[in-house]
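What follows is each chain in one-letter form.
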Amino acid sequence: TMRKYGGTGLGLAITKSLVELMGGVIELYSEGEGKGTTVTFTIPLSEISYEGKVEIEQGRIYGENGLLTLVVDDDARFADFLKTFLVKNNFKFIWANNADDGWSYIQKYKPDILIVDYAIPHKASAELKNGFDLILKVHDSPEFKNLPIIILTGHSQKVRELLKLSFINFQP
């Protein structure tokens, strides 16, 4: 992103740790100051599944120290994996499995970092239909506009759409 004032750098640090934990490599590229930064990463994919027992409860804060990270993802196993990783690395963690609850937790708990899955399923009556709706709601909110957001998705076309948003300010 390109900003007048730099962020804390936590989003990149968390992303780097997650990518490396999964055996991947992360790369950064910038044409210079004021030109934005491109972050790319690769991770190996395999058929090995996460066999750990899932012990996670929506809306419960885990961890006692550090910045509060809200994860909005419908995959309880992945959320449990992130919970274990983040709490072990001195972050507090809270999980929502849909965008409406994610917005509610943002307002109630005021997290320091948001990790959101782009493709979250929703109920027919939901105000926010997916992670993209949540991202836009956060960006349009004066109180939370500067909340660092890490977007997760396996949908390459959606990534291209997200990178076109003016507030992300991606320079291809």
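In what follows, the structure referred to is the one given above.
Quantities reported herein were computed from a predicted structural model and do not represent experimental measurements. (Residues numbered from 1 in each chain as written. Predicted model: local features only at pLDDT ≥ 70, side-chain atom pairs only at ≥ 80, totals over all residues. Heavy atoms only, no water.)

**Describing the packing of aromatic side chains**
Right, on to step 1. In this structure the tally under the stated criterion is 5 aromatic pairs.
Right, on to step 2. Centroid distance Phe 78 to Phe 81: 6.0 Å. Interplanar angle 25°. Geometry classified as stacked. Here Phe 78 and its partner Phe 81 are both found in helix 2 (residues 76-88), 3 residues apart, which amounts to about one turn of the helix.
Right, on to step 3. Between Lys 83 and the ring centre of Tyr 62, over which it is positioned, the NZ or CZ distance is 4.6 Å. (Phe/Tyr/Trp six-rings, centres within 6.5 Å; stacked < 30°, edge-to-face > 60°. Helix = DSSP H or I, 4+ residues; strand = E, 2+ residues; numbered from the N terminus. Lys NZ or Arg CZ within 6 Å of the ring centre and 35° of its normal.)

**With respect to the packing of helix 3 (residues 99-109) against helix 4 (residues 131-140)**
Right, on to step 1. Axis separation between helix 3 and helix 4 bottoms out at 9 Å; the angle between their running directions is 25°. Judged on the interaxial angle alone, helix 4 and helix 3 are roughly parallel. Seen from above, helix 3 lies across helix 4 with right-handed handedness. For the pair formed by helix 3 and helix 4, the contact residues are Ala 99, Gly 102, Trp 103 and Ile 106 on the first element and Leu 134, Lys 137 and Val 138 on the second.
Right, on to step 2. A breakdown of the residues in the contact of helix 3 with helix 4 according to their chemical character gives 5 nonpolar, 1 polar and 1 charged. (Axes fitted to C-alpha atoms, helices over the stretch in contact; angles between N-to-C directions. Parallel < 35°, antiparallel > 145°, perpendicular 65-115°, else oblique. Left-handed = near helix turned anticlockwise from the far one by under 90°. Contact = heavy atoms within 4.5 Å. Nonpolar A, V, L, I, M, F, W, Y, C, P; charged D, E, K, R; others polar.)

**Digging into a nonpolar patch on the surface**
Right, on to step 1. Residues Leu 21, Met 22, Phe 41 and Ile 43 make up a contiguous nonpolar surface patch of roughly 340 Å² in combined accessible area.
Right, on to step 2. Along the chain, Phe 41 turns up in strand 2 (residues 38-42). (Patch = residues over 30% accessible without salt bridge, like charges linked within 9 Å, V, L, I, M, F, W, Y side chains within 5 Å. Areas by Shrake-Rupley, 256 points an atom, 1.4 Å probe, with all protein chains shown as cover. Salt bridge = Lys/Arg side-chain N within 4 Å of Asp/Glu carboxyl O.)

**Observations concerning unusual backbone geometry**
Right, on to step 1. Look at Asn 90: it is not a glycine, yet its phi comes out positive at around 65°.
Right, on to step 2. Mapped onto the elements of the fold, Asn 90 is located in the loop between helix 2 and strand 4 (92-96).
Right, on to step 3. One non-glycine residue, Lys 110, lies in positive phi territory at about 50°.
Right, on to step 4. Here Lys 110 shows up in the loop between helix 3 and strand 5 (113-117).

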